[in-house]
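Chains, contacts and geometry: an overview
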Amino acid sequence: MLYHFIGIKGSGMASLATIMADRGERVQGSDIEKYIFTQQPLEERNITILPFDANNIQEHMTVIIGNAFDEEHPEVKRARSMSSVTCYRYHEFLGELMKHYCTISVAGTHGKTTTTGMLAHVMGCVKPCGYLIGDGTGAMPEKAHYFVVESCEYKRHFLAYHPEYAIITNMELDHVDYYRDMEDYCDAFEQFAAQVTKGIVLFGDDEYVQRLTVSKPHLYYGLSAHNDVQAINIKQGSGGMSFDVLYHKQEFAHFELPFVGMPFLWNSLGVIAVGIMEGMSAEQLQQALASFPGVKRRFSEEVSGDNVYIDDYAHHPTAVKLTIEAAKLKYPDHKVIAIFKPDRYSRIAYFMEEFAESLSVADEVFLCAFPENAKKEAGIDITIDDLAKLISGSTVISEDEAGAALLAKHAPAVYLFMSSKDIYKLKNIVKSFHSSCNHFQSVVE
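The following refers to the structure shown. (Residues numbered from 1 in each chain as written. Predicted model: local features only at pLDDT ≥ 70, side-chain atom pairs only at ≥ 80, totals over all residues. Heavy atoms only, no water.)

So, about the overall build of the chain. From N to C terminus, the chain includes 15 helices and 21 strands. Rg of the C-alpha trace for the chain: 22 Å, near the compact-globule value of 22 Å for 445 residues, within the 12% margin. Seen through its principal axes, the chain has C-alpha atoms that stretch 65 × 60 × 50 Å. Residues classed as buried in the chain amount to 56% of the 445 residues present. Of the contacts formed within the chain by residues at least 6 apart in sequence, a portion of 65% connects residues at least 24 apart. On the chain, roughly 18900 Å² of surface is accessible, and the fraction owed to carbon and sulfur atoms is 49%. (Helix = DSSP H or I, 4+ residues; strand = E, 2+ residues; numbered from the N terminus. Rg over C-alpha atoms; globule rule 2.2 N^0.38 Å. Buried < 20%, exposed > 50% of the residue type's maximum accessible area, 1.4 Å probe, protein only. Contact = heavy atoms within 4.5 Å. Areas by Shrake-Rupley, 256 points an atom, 1.4 Å probe, with all protein chains shown as cover.)

The next point concerns the pattern of salt bridges. Under the defined criterion, the tally for this structure stands at 20 salt bridges. Of the charged contacts in the structure, one is a salt bridge between arginine 89 and glutamate 71, with a shortest N-O distance of 2.8 Å. Of the two residues, arginine 89 sits in strand β5 (residues 86–89) while glutamate 71 sits in the loop between β4 (62–65) and α3 (74–81), which places them 18 residues apart along the sequence. By relative accessible area, which is 34% here, glutamate 71 ends up partly exposed. Arginine 347 is the partner of aspartate 343 in a salt bridge, and the nearest nitrogen-oxygen pair spans 2.5 Å. Accessibility assignment for this pair places aspartate 343 and arginine 347 in one class, buried. (Salt bridge = Lys/Arg side-chain N within 4 Å of Asp/Glu carboxyl O.)

Quick look at the packing of aromatic side chains now. Aromatic ring pairs are described here by two measures, namely the spacing of the ring centres and the angle between the planes. Within this structure, the stated rule accounts for 19 aromatic pairs. An angle of 65 degrees between the planes, with centres 5.4 Å apart, marks the rings of phenylalanine 52 and phenylalanine 69 as edge-to-face. With phenylalanine 52 in the loop between β3 (48–51) and β4 and phenylalanine 69 in the loop between β4 and α3, this residue pair connects regions lying 17 residues apart in the sequence. What makes phenylalanine 69 buried here is its relative accessible area of 18%. Relative to phenylalanine 93, the ring of tyrosine 88 has its centre 5.3 Å away and its plane inclined at 70 degrees; by these criteria the two rings are edge-to-face. Ring-pair connections join several aromatic residues into one group, and the members of that group are Tyr154, Phe158, Tyr178, Tyr179, Tyr185, Phe189 and Phe192. Sitting above the plane of the tyrosine 154 ring, arginine 344 keeps its charged end 4.8 Å from the centroid. (Phe/Tyr/Trp six-rings, centres within 6.5 Å; stacked < 30°, edge-to-face > 60°. Lys NZ or Arg CZ within 6 Å of the ring centre and 35° of its normal.)

Before going further, it helps to examine the sheet that holds strand β9 (residues 146–150). The 10 strands lie next to each other as β8-β7-β9-β6-β10-β11-β12-β13-β14-β15, forming an open sheet whose pairing is mixed. The sheet terminates laterally at β8 (138–139) and β15 (250–257), the two strands that pair on one side only. In this structure, strand β6 (residues 102–107) lies alongside β9, joined through five bridges in parallel fashion. Across the sheet, the residue bridging to isoleucine 104 is valine 148, located in β9. Across the sheet, helix α8 (residues 262–277) touches β6, β10 (165–168), β11 (199–203), β12 (218–222), β13 (229–237), β14 (240–247) and β15, and the angle it forms with β14 is around 40 degrees. (Pairing = 2+ DSSP bridges. Axes fitted to C-alpha atoms, helices over the stretch in contact; angles between N-to-C directions.)

Following the sequence through the fold, glycine 12 ends up in helix α1 (residues 11–22). Given the relative accessible area of 14%, glycine 12 is considered buried. Spatially, the C-alpha atoms of glycine 12 and glutamate 150 are 8.8 Å apart, while their sequence positions differ by 138 residues. Each residue touching glycine 12, except ones within four places of it in the same chain, is listed here: Tyr90 and Leu132.

The subject of this paragraph is the sheet that holds strand β16 (residues 300–304). Spatial ordering of the open sheet is given by β16-β17-β21-β18-β19-β20, a layout of six strands whose pairing is mixed. The two strands at the open ends of the sheet, each matched to only one other strand, are β16 and β20 (395–396). Contacts between helix α14 (residues 401–408) and the sheet are confined to β18 (336–340), β19 (364–367), β20 and β21 (414–418), with β21 contributing the most and set at about 140 degrees to the helix.

Counting residues in hydrophobic clusters, the biggest one holds 74 residues, and the most contacted among them are Phe243, Leu359 and Leu387. The dominant element in this core, judged by the number of residues it contributes, is α8, at eight residues. Apart from the residues lying within four places of it in its own chain, the contact partners of phenylalanine 243 are Ala231, Ile232, Asn233, Ile234, Ala253, His254, Phe255, Leu257, Leu265, Ser268, Leu269 and Ile272. With 47 residues, the next largest nonpolar core counts Met171, Phe189, Val209 and Leu212 among its residues. (Core = buried A, V, L, I, M, F, W, Y, C linked by side-chain atoms within 4.5 Å.)

As a further point, take α14. Residues separated by three or four positions in an α-helix point in the same direction, a consequence of the helix having 3.6 residues per turn. Residues of α14 that are buried include every one of Gly403, Ala404, Leu407 and Ala408, and no others. One face of α14 carries all of its buried residues, which in axial projection span an arc of 135 degrees. Residues of α14 that are exposed and point more than 90 degrees away from the buried face comprise Glu401 and Ala402. Between a side-chain oxygen at the N-terminus of α14 and the backbone nitrogen of alanine 402 the separation is 3.1 Å; the capping residue is aspartate 400. (Arc of directions from axis to C-beta. Polar contact = N/O pair within 3.5 Å; in protein donor to acceptor, adjacent residues only side chain to side chain.)

All right, on to the environment of glycine 393 then. Mapped onto the elements, glycine 393 comes out in the loop between α13 (384–388) and β20. Taking the C-alpha atoms as reference points, glycine 393 and glutamate 364, separated by 29 residues in sequence, lie 7.4 Å from one another.

What follows is the structure, encoded as structure tokens:
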């Protein structure tokens, strides 16, 4: 059987393709020819990546269609027209694959990717664990018992999943091009929670999560006293964080972790709650969490001399604000410069004032234009300049050497690049400017 992925470089699709290759299946896919960082693990597995072409679809294939491609795409049309070809949408195929493992879904508006990576790392310290993460990475070790899956709520795609366990990290209205309002959004999560078969852990400090009707065995986690898994005595600094955990009001363990920022604390608590459900000891959880290496594009740090470069996927105003706060907490003596590139017109239009408020937490703000291929929904007519007008002192820059040169002049600083798009390319140009300057200075000296 040959599995063909239409849009194989998409973050979820790349992860799923690598998993199928790890399972010993024959895998290929198609996409645009432009280099995207998600293709590295595909190339490491010698997975063939073809340019889009209807002739890529052959008899008796199983075709997985990326959710970004409509039914008019040439490859999709050809696959649907051939009776010997079995077709799945990405989330449909993933839902079928999950049935073969003890699956743990990670859902929520924020924190899914980091929590998924963290949980996969922790569960993998107990039994072989596969994972599918939204940063484009996936793996399936031989004889895997667990399968940890980042589960997206967009268009209710996560309703294709029936996992044994789940985490709901939080709930805040997003994907406003699909969900009518918060009630509609909450309804999707409630349906998802009803499909979990063994147990679910929920962020109990979130008012909307608390309102969900949950009939399956569950634990709430958070900082408030009403939670089943509660963090107390929290201390954070440039070297990391420490806290104590209470389980049903009784002392469970003390944790020392090398992370900073409230999102990492919340994510860690959710993972601890799942570990408790699966009978892990406090010592196992402490050791596993402390060795978590992080995930791609989630507060990914590089330090060079007096400058720090952080790449983060933040693309919602709440995530933007929390990421800036984490940078300030970890680097209290540095100037924090936020560089933000939007993804969807609908998201910026809906949350315009919230984005402005969140970005203003930084010491300086630079904005990049919308991607050329960003979809303009009907009735939305905005540019990046509309957001810039709401942020005092902000500057709109280009994603090229001219923009990078302007950023480089503000060193030394923490450069915080935030976007769900490829803003990391601009980060690399800024780094090269600083490297060149440092080299020139060393030669002069």
